[in-house]
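# Structural description and commentary
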Amino acid sequence: MNVTPRQTRRAPGRQDWSTWPAYDSAAVGFPGWWYPVRWSSEVGRKPVAVEVCGEKVALVRDGGKVYALHDRCPHRGVPLSLGNRQFPGTLSCPYHGWTFDLLNGRLAAVITDGPESPICGKVAVRTYATAERLGMVWVYVPRADEPAPLIDSQLPEELVGTTFVLGGRMEPRAGNWRFAAENGYDEGHAKYLHRTSLWRLFKSMPVWNETHIERRDRWIYRVQDAQHWVADFPGLGPWSGHRWWKVNRPPKAGTTASNIGNTGGRSRVDPVIAAQEFPGFASIAMPGVLRIVYPRFIHYEFYVPVDTDNHRYVGVMVNFGGLGTAVGFWLKYLGAVRWLFHGDFSSQDAWMVDVTDAPPERLYRPDVSLTEWRRLCEDVTAERTSGLVEAPGRSGRVRPFGRFRRTQVHRVTS
Amino acid sequence: MNVTPRQTRRAPGRQDWSTWPAYDSAAVGFPGWWYPVRWSSEVGRKPVAVEVCGEKVALVRDGGKVYALHDRCPHRGVPLSLGNRQFPGTLSCPYHGWTFDLLNGRLAAVITDGPESPICGKVAVRTYATAERLGMVWVYVPRADEPAPLIDSQLPEELVGTTFVLGGRMEPRAGNWRFAAENGYDEGHAKYLHRTSLWRLFKSMPVWNETHIERRDRWIYRVQDAQHWVADFPGLGPWSGHRWWKVNRPPKAGTTASNIGNTGGRSRVDPVIAAQEFPGFASIAMPGVLRIVYPRFIHYEFYVPVDTDNHRYVGVMVNFGGLGTAVGFWLKYLGAVRWLFHGDFSSQDAWMVDVTDAPPERLYRPDVSLTEWRRLCEDVTAERTSGLVEAPGRSGRVRPFGRFRRTQVHRVTS
Amino acid sequence: MNVTPRQTRRAPGRQDWSTWPAYDSAAVGFPGWWYPVRWSSEVGRKPVAVEVCGEKVALVRDGGKVYALHDRCPHRGVPLSLGNRQFPGTLSCPYHGWTFDLLNGRLAAVITDGPESPICGKVAVRTYATAERLGMVWVYVPRADEPAPLIDSQLPEELVGTTFVLGGRMEPRAGNWRFAAENGYDEGHAKYLHRTSLWRLFKSMPVWNETHIERRDRWIYRVQDAQHWVADFPGLGPWSGHRWWKVNRPPKAGTTASNIGNTGGRSRVDPVIAAQEFPGFASIAMPGVLRIVYPRFIHYEFYVPVDTDNHRYVGVMVNFGGLGTAVGFWLKYLGAVRWLFHGDFSSQDAWMVDVTDAPPERLYRPDVSLTEWRRLCEDVTAERTSGLVEAPGRSGRVRPFGRFRRTQVHRVTS
């Protein structure tokens with residue numbers, strides 16, 4: 001049976017991703033970064049199979065430390081994660097007892113070939129650098145064979161050297177990691193898609209905003225210039241996300257929009273957060289780290305590439321301060337945030353990420369957040385390729401970036 | 001691992017569909033026709049996703065009328081059928097509130113980009129003409145951008161301008177639509193496959209028939225020339241579908257086979273049906289409409305292409321006459337026809353359509369009904385392509401077509 | 001979305017199967033052999049669909065004998081196994097009653113085309129030779145159109161002309177048939193993978209063995225030269241499969257390893273088995289027949305190719321002798337062997353066969369059993385292609401074959 005393809009009519013304008021070639025090629029993620037892959041509590045002496053950036057990895061804990069091996073025995077292709085520990089510091093394949101050194105992946109013994117097996121030392125499996133941060137196991141996916149950089153140089157700066165408690169969710173989700181990252185940083189959808197979420201049940205949301213994007217170091221920030229709480233659409237009529245039961249009302253006209261927190265800036269700001277002087281409450285960095293700053297805590301999302309069609313969602317809420325503030329935070333997290341924000345609200349995002357199907361695509365003004373994110377990936381990748389290493393701290397530079405205002409040229413042609 | 005294909009021995013003779021190139025290419029159906037896709041009662045204010053001829057379509061009812069849009073938001077590829085109505089006469093994408101005019105598909109507003117969004121009016125989604133007939137929603141799948149013809153010109157003629165009641169079933173079924181259409185019009189299988197159906201429990205069926213095919217206007221008719229109720233197969237023995245409990249016995253020898261109804265022609269014929277002067281009780285027309293004429297009602301089947309491997313089966317039993325006859329018809333339909341004919345009997349067809357796997361194929365004499373159906377598709381498609389529009393009514397011409405008689409050359413070489 | 005493939009680092013040395021081209025091409029098995037496909041009790045008058053060596057076959061029993069037809073009606077591709085018997089010695093397609101002669105596959109009648117159907121005798125489906133042995137139905141998959149050789153010439157020699165009883169399991173399993181055959185004959189895994197099986201719960205297993213391979217007629221035998229019950233791995237420490245509850249202890253040092261049975265050779269050997277003078281207790285022959293010889297019975301495994309990703313496992317335990325010994329054997333089989341050996345033990349093999357993924361592969365010393373098995377397939381295939389037919393009996397020749405000893409060159413470079 002033959003199929004005659006029917007020609008699809010395309011909207012005018014370029015709709016592919018050729019403007020961002022590195023990004024376009026990164027369907028299974030960018031190598032050269034640390035990625036969180038499991039909660040630390042999930043990795044014990046029994047190996048765990050994970051997939052990150054298309055690589056199959058066996059994680060196992062030995063002597064308190066987590067090791068990561070390429071999850072394929074070179075003998076016959078059996079996953080090493082099905083094996084177990086026969087000697088300290090090693091992992092043995094379940095099939096013939098090929099035994100690999102966890103430190104360097106070298107074949108240390110083959111049980112079924114005796115102590116003088118001539119193949120020992122001639123075979124090795126790839127190993128991956130691992131670390132534990134934020135209660136999670138992280139794996140470094142190398143570009144080639146380079147040593148892993150310090151993980152702290154790739155974490156959000158405010159999470160290094162500070163004291164905090166956190167709560168979070170980690171789960172496999174359908175859809176390419178880039179749709180997840182774009183959804184996370186997307187300016188446009190939040191106010192519309194999430195208006196029906198329980199997290200926003202009593203809080204009004206604007207109809208549309210005016211924003212621009214600024215880059216500082218590894219991050220781009222979305223800076224809010226104006227919020228519009230009602231709008232009258234020509235030929236259609238007025239529209240507002242406000243409902244009578246939303247007691248948390250829009251601010252009065254003339255109030256300046258805050259860039260810390262998205263609740264209006266009336267709360268007292270946590271000193272650690274205040275010290276960061278974030279230009280905007282929503283920021284994103286490679287390789288897919290979203291940071292939403294609230295007055296009293298910060299919400300992070302990590303979009304970890306698995307394969308072309310799947311990613312791992314990691315949502316974390318961080319509360320700075322020691323044990324003194326921990327009890328209150330945990331009560332709030334377990335009592336509300338976990339279910340309303342990391343649950344219901346986030347499941348709306350998961351739904352859209354799953355059904356997004358681009359390119360082709362047709363971008364509009366608020367998508368400046370998407371195009372600047374893609375541009376950031378291009379720029380950072382080019383900087384790294386040319387040997388320039390990003391500064392490991394915050395330099396304080398603020399570089400003007402793509403900007404979306406009614407009164408100026410924006411980068412998204414519509 | 002390599003696979004060495006083993007050579008399959010082929011029966012002699014051409015077994016592909018190259019004789020019917022348009023038909024061969026129509027794996028997802030013929031554009032340029034109206035197709036029934038849902039019961040009217042299934043399409044309300046909440047959008048419904050359907051697929052017809054490989055096209056994904058969002059159906060939605062607004063102000064009593066059904067509209068059809070291409071089911072993909074051009075922004076990021078999200079199905080519009082997941083959205084809902086934010087303004088009268090429009091459908092909004094759930095993700096960012098892109099709002100499309102139901103009438104013409106134009107982007108009327110983008111809620112999250114404010115009233116002056118510059119992209120409005122620059123983007124549109126394809127719309128499809130819709131109609132409601134026989135209690136169903138119909139969609140016109142265009143060849144290019146041509147306006148839809150009047151649906152009445154494509155309906156069975158006797159269903160236009162007459163009064164009737166109907167009952168039916170509509171369901172997704174596995175298998176290409178062409179296997180379903182060919183099964184429906186297939187002369188050969190009915191007497192053998194369906195001899196065990198409950199619908200035929202008490203009625204004998206012939207072993208084999210002699211028939212020929214006649215074309216009149218858009219339809220080809222199968223005309224019965226002789227029925228054989230028993231047969232003695234050389235070397236094997238006698239065979240008959242008759243069983244002692246089948247009280248509805250074969251007619252006496254010498255009785256002329258009727259071409260209205262397949263029950264022997266003893267019943268009084270409904271005046272609307274009689275007026276049609278159908279040359280044969282089984283007829284088929286593009287784009288896959290089967291008509292089986294009984295003395296008191298007509299059974300129609302529509303084989304609606306979905307994708308290469310699936311179709312939608314629509315079986316409808318029509319009773320001409322007003323409310324006076326409706327009660328009796330409904331009792332008969334709900335009490336028997338729905339379960340025995342549209343259920344059990346039809347499920348035998350669904351079973352065979354699912355497992356049919358052709359080409360290659362090896363046709364035999366009764367397959368003149370298949371080859372003439374394919375030829376009809378070629379001819380009608382050629383007539384339309386050359387600008388000739390089929391007459392919207394019945395012209396009365398009877399053109400001789402392929403004919404299957406023992407005594408003459410038939411078109412199927414065996 | 002583009003995917004940039006990441007380069008995988010390969011271990012040095014050839015890792016593909018180009019050394020064994022016939023074997024490499026035999027993903028769906030070798031034609032020219034008899035294969036067991038169902039228990040005889042499973043094939044009755046209702047047809048059964050089976051797949052062997054990628055061929056779809058309809059089995060049906062008529063007049064006590066089993067027939068096999070290619071499972072596709074040439075008319076419209078419907079499986080003949082969905083049909084049934086309308087005349088003795090035939091099978092009719094359920095769709096239109098095309099009726100095929102079970103003996104030769106010829107179209108004997110077409111019920112829906114009457115006694116004089118001109119297509120009769122012009123069409124045939126392929127037939128397959130069948131036989132019943134060991135309580136199973138066997139099908140011969142031909143290379144071209146050659147007649148089937150006598151099945152006895154392809155059965156294990158000791159099963160022809162002797163009296164025995166048997167018990168067994170037959171089940172579909174995931175994984176290519178070659179992984180199953182290699183797993184069955186694999187010297188290395190048994191002692192390690194199966195050390196935790198219930199079958200070996202009370203029996204110690206060696207850590208590693210020294211073996212060599214000998215060929216005699218159609219079979220290659222694994223001959224045990226030395227067994228090592230403990231081993232001290234440099235840098236890692238000692239390892240032994242022995243546990244305190246394993247009451248069946250390793251033999252004393254200096255005891256010669258037996259090549260009949262793998263339990264130490266202390267049992268009285270069955271006279272039929274003793275008469276075979278097997279050079280080793282594990283042997284394999286084309287097209288995938290494993291023979292494990294115990295003192296009192298023989299265990300056979302047949303790895304029947306289905307498609308590239310699936311095979312049929314047939315495990316049979318044979319007890320020589322008449323009814324006198326049958327009761328004791330059956331008690332032992334049903335009480336233990338069936339659950340522990342053909343169940344639990346064998347399921348460990350099924351697990352590994354399912355996850356094996358080669359090539360690429362990296363062989364080690366004990367894999368001489370794999371490479372000699374592949375070489376056997378090459379040699380036997382070449383002998384048959386050149387017109388040399390293997391002797392139908394046992395000639396007594398013992399040809400030295402690949403040999404694995406610490407003190408000599410072995411064929412697996414590591």
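The rules we used
Residues numbered from 1 in each chain as written. Chains lettered and ligands numbered in written order. Predicted model: local features only at pLDDT ≥ 70, side-chain atom pairs only at ≥ 80, totals over all residues. Heavy atoms only, no water. Helix = DSSP H or I, 4+ residues; strand = E, 2+ residues; numbered from the N terminus. Buried < 20%, exposed > 50% of the residue type's maximum accessible area, 1.4 Å probe, protein only. Contact = heavy atoms within 4.5 Å. Pairing = 2+ DSSP bridges. Axes fitted to C-alpha atoms, helices over the stretch in contact; angles between N-to-C directions. Least-squares fit on C-alpha atoms with pLDDT ≥ 70 in both. Buried area = accessible area lost by both parts, 1.4 Å probe. Salt bridge = Lys/Arg side-chain N within 4 Å of Asp/Glu carboxyl O. Polar contact = N/O pair within 3.5 Å; in protein donor to acceptor, adjacent residues only side chain to side chain. Core = buried A, V, L, I, M, F, W, Y, C linked by side-chain atoms within 4.5 Å. Nonpolar A, V, L, I, M, F, W, Y, C, P; charged D, E, K, R; others polar. pLDDT = per-residue confidence, 0-100. Expected span 1.5 Å × (residues − 1). Parallel < 35°, antiparallel > 145°, perpendicular 65-115°, else oblique. Left-handed = near helix turned anticlockwise from the far one by under 90°. Phe/Tyr/Trp six-rings, centres within 6.5 Å; stacked < 30°, edge-to-face > 60°.

## Section: the overall build of chain A
The number of helices and strands found in chain A is 6 helices and 20 strands. For chain A, the residues scored as buried account for 57% of the 414 residues in total. A fraction of 63% describes how many contacts in chain A between residues 6 or more apart in sequence connect residues 24 or more apart.

## Considerations on the sheet that holds strand β6 (residues 98-101) of chain C
Residues and elements named next belong to chain C. Taken in spatial order, the 3 strands line up as β5-β6-β7 in an open sheet, and their pairing is antiparallel. Each end of this open sheet is capped by a strand with a single partner; those strands are β5 (90-92) and β7 (107-110). Taken pair by pair, the neighbouring strands of this sheet meet at an average axis angle of 25 degrees, ignoring direction. Examined bridge by bridge, β6 and β7 share 3 bridges and lie antiparallel to one another. Across the sheet, residue W98 finds its bridge partner in β7, namely V110.

## Observations regarding the relation of the copies chain A and chain B
Under the fitted operation, chain A is carried onto chain B by 0.0 Å of movement along the axis and a turn of 120 degrees, and the coordinates agree to an RMSD of 0.0 Å. Given the turn and translation reported, the copies of this chain are related as if by a three-fold rotation axis. When each C-alpha of chain A is compared by its distance to the rotation axis, D309 of chain A comes out closest, at 14 Å. In this assembly the copies use different faces: only 4% of the residues contributing to the interface of chain A also contribute to that of chain B.

## Let's talk about the interface of chain A and chain B
Reports of interface size often rely on the accessible area that becomes lost once the parts have come together. Opposite the 47 residues of chain A that make contact, chain B presents 51 residues. Together, the buried faces of chain A and chain B total about 4100 Å²; carbon and sulfur atoms form 56% of this surface. One can count 4 salt bridges joining chain A with chain B. Here chain A is connected to chain B by 14 residue pairs in polar contact (both at pLDDT 80 or more). At the level of secondary structure, the elements contributing two or more residues to the side of chain A that touches chain B comprise α2 (177-185), α3 (189-193), β14 (231-233), β15 (237-239), α5 (323-355) and α6 (368-385) of chain A.

## Overview of the relation of the copies chain C and chain A
By a simple turn and slide, chain C fits onto chain A: the slide is 0.0 Å along the axis, the RMSD is 0.0 Å, and the turn is 120 degrees. A distinct binding surface is used by each copy, with only 4% of the interface residues of chain C retained as interface residues in chain A.

## Focus on the pairing of strand β12 (residues 208-216) of chain C
For a regular strand, side-chain orientation follows a simple rule: the groups alternate between the two sheet faces. Residues and elements named next belong to chain C. Burial analysis of β12 places 9 of its 9 residues in the buried class, the great majority of the element. Burial along β12 is two-sided: the face carrying W208, E210, H212, E214 and R216 and the face carrying N209, T211, I213 and R215 are both buried. Of the pairings in the sheet, the one linking β12 to strand β13 (residues 219-228) comprises 9 bridges and is antiparallel in character. When the bridges of β13 are listed, R216 appears paired with W219. Counted along the chain from β12 to the antiparallel partner β13, the turn is 2 residues long, and its residue D217 has a positive phi close to 55 degrees.

## Here's the deal with the pattern of salt bridges
Counted by the stated rule, this structure contains 58 salt bridges over all chains. Here R291 of chain B and E157 of chain B are joined by a salt bridge, their closest N and O atoms 4.0 Å apart. With R291 of chain B in strand β17 (residues 289-293) and E157 of chain B in the loop between β10 (136-141) and β11 (164-174), this residue pair connects regions lying 134 residues apart in the sequence. Through salt bridges with shared partners, a single network forms among R76 of chain A together with E182, E361 and R374 of chain C.

## What about the pairing of β6 of chain C?
Residue and element names in this part refer to chain C. Bridge analysis of β5 against β6 gives 3 bridges, and the strand direction is antiparallel. Looking across to β6, one finds that T90 is bridged to D101. With antiparallel pairing between neighbouring strands as the criterion, β5 and β6 make up a hairpin whose turn holds 5 residues, including G97 at a positive phi of roughly 75 degrees. Linkage of β6 to β7, two consecutive antiparallel strands, is achieved through a turn of 5 residues, within which G105 is found at a positive phi near 75 degrees.

## Observations regarding the sheet that holds strand β5 (residues 90-92) of chain B
Strands pair in a sheet through their backbones, by hydrogen bonds, and they do so in one of two ways: parallel or antiparallel. Residue and element names in this part refer to chain B. Taken in spatial order, the 3 strands line up as β5-β6-β7 in an open sheet, and their pairing is antiparallel. If you trace the sheet from one side to the other, it starts and ends with β5 and β7 (107-110), each paired once. Adjacent strand axes in the sheet meet at a mean angle of 25 degrees, parallel and antiparallel pairs treated alike.

## Side note on the nonpolar core
Residue and element names in this part refer to chain C. F30, L59, M136, F302 and W373 are the most contacted members of the largest nonpolar core, which totals 82 residues. The dominant element in this core, judged by the number of residues it contributes, is helix α5 (residues 323-355), at 7 residues. For L59, the contacting residues outside a window of four places in its chain are V37, R38, V43, K46, P47, V48, V50, V66, Y67, A68, V137 and V139.

## Description of the interface of chain C and chain A
Across the contact, 47 residues belong to chain C and 52 residues belong to chain A. Approximately 4100 Å² of surface area, both sides summed, lies buried where chain C meets chain A, with 56% of it carried by carbon and sulfur atoms. Taken together, the connections running from chain C to chain A amount to 3 salt bridges. Across the pair R76 of chain A and E182 of chain C runs a salt bridge, and its minimum N-O distance is 2.4 Å. Elements supplying a minimum of two residues to the side of chain C that touches chain A: α2 (177-185), α3 (189-193), β14 (231-233), β15 (237-239), α5 and α6 (368-385) of chain C. In the side of chain C that touches chain A, the residues fall into 25 nonpolar, 9 polar and 13 charged.

## Things to note about helix α2 (residues 177-185) of chain B
For α2 of chain B, a buried count of 9 out of 9 residues is recorded, marking the element as mostly surrounded by other parts of the structure. Turning to α2 of chain B, its buried residues number three or more, namely W177, R178, F179, A180, A181, E182, N183, G184 and Y185 of chain B.

## Concerning the environment of W98 of chain A
By secondary structure assignment, the location of W98 of chain A is in strand β6 (residues 98-101). Spatially, the C-alpha atom of W98 of chain A lies 9.6 Å from that of G83 of chain A, the residues being 15 residues apart in sequence.

## Regarding the environment of N183 of chain C
Its place among the elements puts N183 of chain C in helix α2. Relative accessible area serves as the criterion here: at 3%, N183 of chain C is assigned to the buried category. When sequence neighbours within four positions are dropped, the list of residues in contact with N183 of chain C reads Y95 of chain A together with H189, D349, M352 and V353 of chain C. Only 2.5 Å separates the side chain of N183 of chain C from the side chain of Y95 of chain A, close enough to count as a polar contact.

## Notes on the confidence of the model for chain A
Residue and element names in this part refer to chain A. Per-residue pLDDT for chain A has a mean of 87; in total, 85% of the residues score no lower than 70. Here residues 3-13 is modelled with pLDDT under 50, and outside its nearest four sequence neighbours on either side it reaches 18 contacts, counting other chains as well. Confidence drops under pLDDT 50 across residues 390-414; counting only partners more than four residues distant or on other chains, this segment forms 75 contacts. Here the predicted complex scores 0.88 on pTM and 0.88 on ipTM.

## Here's the deal with helix α6 (residues 368-385) of chain B
The first and last C-alpha atoms of α6 of chain B sit 25 Å apart over 18 residues, in line with the 26 Å expected at 1.5 Å per residue. The buried fraction of α6 of chain B amounts to 13 of the 18 residues, a majority that puts the element mostly inside the structure.

## Focus on the packing of α2 of chain C against α6 of chain C
All names here are of chain C. Two numbers describe how α2 lies on α6: the axes approach to 9 Å, and their chain directions differ by 125 degrees. By the criterion of interaxial angle, the relationship of α2 to α6 is oblique. Crossing angle aside, the handedness with which α2 passes α6 is right-handed. Contacts from W177, A181, E182 and Y185 in α2 reach S369, L370, W373 and R374 in α6. By residue class, the composition of the contact of α2 with α6 is 5 nonpolar, 1 polar and 2 charged.

## Examining unusual backbone geometry
Looking along the chain, the bond that leaves P359 of chain A and enters P360 of chain A is cis, with omega of 5 degrees. Its place among the elements puts P360 of chain A in the loop between α5 and α6. Looking along the chain, the bond that leaves M286 of chain C and enters P287 of chain C is cis, with omega of 0 degrees. Locating P287 of chain C in the fold gives a position in the loop between β16 (282-285) and β17 (289-293).

## Observations concerning the packing of aromatic side chains
Applying the stated rule across the entire model yields 63 aromatic pairs over all chains. With a centroid separation of 6.0 Å and an interplanar angle of 90 degrees, the aromatic rings of Y23 of chain C and W373 of chain C are classed as edge-to-face. Here Y23 of chain C, found in helix α1 (residues 21-25), pairs with W373 of chain C, found in helix α6; they are 350 residues apart in sequence, far enough to count as distant. Relative accessible area serves as the criterion here: at 0%, W373 of chain C is assigned to the buried category. Seen from their ring centres, F329 of chain C and Y333 of chain C are 6.1 Å apart, and the 25 degrees between their planes marks the pair as stacked. Placement of the pair is F329 of chain C and Y333 of chain C together in helix α5, with a separation of 4 residues, close to one helical turn. Residue Y333 of chain C is classed as buried on the basis of its relative accessible area, which comes to 1%. Here the aromatic cluster, defined as three or more aromatic residues joined through ring pairs, consists of W17, Y23, F30, W177, F179 and W373 of chain A.

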